[in-house]
Amino acid sequence: LIPPNMCNRKAQVDDLLEISYLGTVLDTGDVFDGSAIKINGKGIPGRADDVSIFFVLGKQPFGQFPPGWDVGLEGMCVGERRRLIVPPVLAYGEVGLPRRGIPPNATLQYDVTVVSINGLSTP
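Values in this document were obtained by computation on a predicted structure and should not be read as measured data. (Residues numbered from 1 in each chain as written. Predicted model: local features only at pLDDT ≥ 70, side-chain atom pairs only at ≥ 80, totals over all residues. Heavy atoms only, no water.)

*Asks:* Help me understand the state of the cysteines, please; the structure alone is not making it clear to me.
*Replies:* Disulfides are covalent bonds that connect the sulfur atoms of two cysteines. This structure, assessed with the given rule, holds one disulfide. The disulfide partner of Cys 7 is Cys 77, and the gap between their sulfur atoms is 1.9 Å. Residues Cys 7 and Cys 77 share a disulfide whose torsion about the S-S bond is about -85°; that sign makes it left-handed. Remark: Cys 77 occurs in the loop between α1 (68-73) and β6 (81-86) and Cys 7 occurs in the segment before β1 (16-25); sequence separation between them is 70 residues. (Disulfide = S-S within 2.5 Å. Helix = DSSP H or I, 4+ residues; strand = E, 2+ residues; numbered from the N terminus.)

In structure tokens, the structure reads:
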């Protein structure tokens, strides 16, 4: 969506990424997750009302984030925004994630912004 003006360092496997994001089910547009969303007026447990999250690219526990993130976020730069379209095979597959409103075989859309790479927020 928004390419970086300058990029001296691209995200690669093993980097600690700080991102903000919004996840929707592509077919319905229903929001199922996001770094700053609230459920019933309350922040998501474990996120302490943060507006961004941290994770290690290519190393998150299975099921914490869809495998499509490892593919779609590699090569991103600080300040860059991308829209990731994640097919079911790289998302939650035939099972879905019903507790989060993701039906079986759902294609997901994530709008992602990289805030920092390895703690550095300069491009």
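On we go.
*Asks:* Sorry if this is basic, but what is going on with the nonpolar core here?
*Replies:* What tends to happen in soluble globular proteins is that the nonpolar side chains get buried as a cluster. With 26 residues, the main nonpolar core has Ile 19, Trp 69, Leu 73, Leu 108 and Tyr 110 as its most contacted residues. Every element with two or more residues in this core is listed here: β1, β5 (53-56), α1, β6 and β7 (108-117). With five residues, β7 is the single largest residue contributor to this core. Those residues within four positions of Leu 73 in sequence are excluded, and the remaining contacts are Ala 11, Leu 17, Ile 19, Phe 55, Leu 57, Arg 82, Leu 84 and Val 112. (Core = buried A, V, L, I, M, F, W, Y, C linked by side-chain atoms within 4.5 Å. Buried < 20%, exposed > 50% of the residue type's maximum accessible area, 1.4 Å probe, protein only. Contact = heavy atoms within 4.5 Å.)

*Asks:* Honestly, a nonpolar patch on the surface in this entry has me stumped. Any pointers?
*Replies:* A surface patch of nonpolar side chains, about 240 Å² in accessible area, is lined by Leu 16, Phe 54 and Val 56. Mapping Leu 16 onto the fold places it in strand β1. (Patch = residues over 30% accessible without salt bridge, like charges linked within 9 Å, V, L, I, M, F, W, Y side chains within 5 Å. Areas by Shrake-Rupley, 256 points an atom, 1.4 Å probe, with all protein chains shown as cover. Salt bridge = Lys/Arg side-chain N within 4 Å of Asp/Glu carboxyl O.)

*Asks:* Got a minute to help me understand the packing of aromatic side chains in this structure?
*Replies:* Each aromatic ring pair is described using two quantities: the centre-to-centre distance and the angle formed by the ring planes. Enumeration over the complete set of coordinates arrives at seven aromatic pairs. A centroid spacing of 5.3 Å and a plane angle of 45° characterise the contact between Phe 55 and Phe 65, whose relative ring orientation is tilted. Placement of the pair is Phe 55 in strand β5 and Phe 65 in the loop between β5 and α1, with a sequence separation of 10 residues. For the pair Phe 55 and Phe 65, one class covers both residues: buried. Taken together, a centroid distance of 5.2 Å and an interplanar angle of 85° make the contact between Trp 69 and Tyr 110 edge-to-face. Of this pair, Trp 69 sits in helix α1 while Tyr 110 sits in strand β7, placing them 41 residues apart in sequence. Comparing Trp 69 with Tyr 110 shows no difference in burial state: the two are buried. Of the aromatic side chains, those joined through ring pairs into one cluster are Tyr 21, Phe 32, Phe 55, Phe 65, Trp 69 and Tyr 110. (Phe/Tyr/Trp six-rings, centres within 6.5 Å; stacked < 30°, edge-to-face > 60°.)

*Asks:* It is not clear to me how the pairing of β1 should be interpreted in this structure. Could you clarify?
*Replies:* The side chains of a regular strand alternate, first on one face of the sheet and then on the other. The buried count for β1 comes to seven of 10 residues, which makes it a mostly enclosed element. Two elements, β1 and β7, share nine bridges in a ladder whose sense is antiparallel. Counted as the bridge partner of Leu 17 is Ile 117 from β7. Sheet topology places β1 next to strand β2 (residues 31-34); three bridges connect them, and they run antiparallel. Bridge assignment links Leu 22 to a residue of β2, and that residue is Gly 34. (Pairing = 2+ DSSP bridges.)

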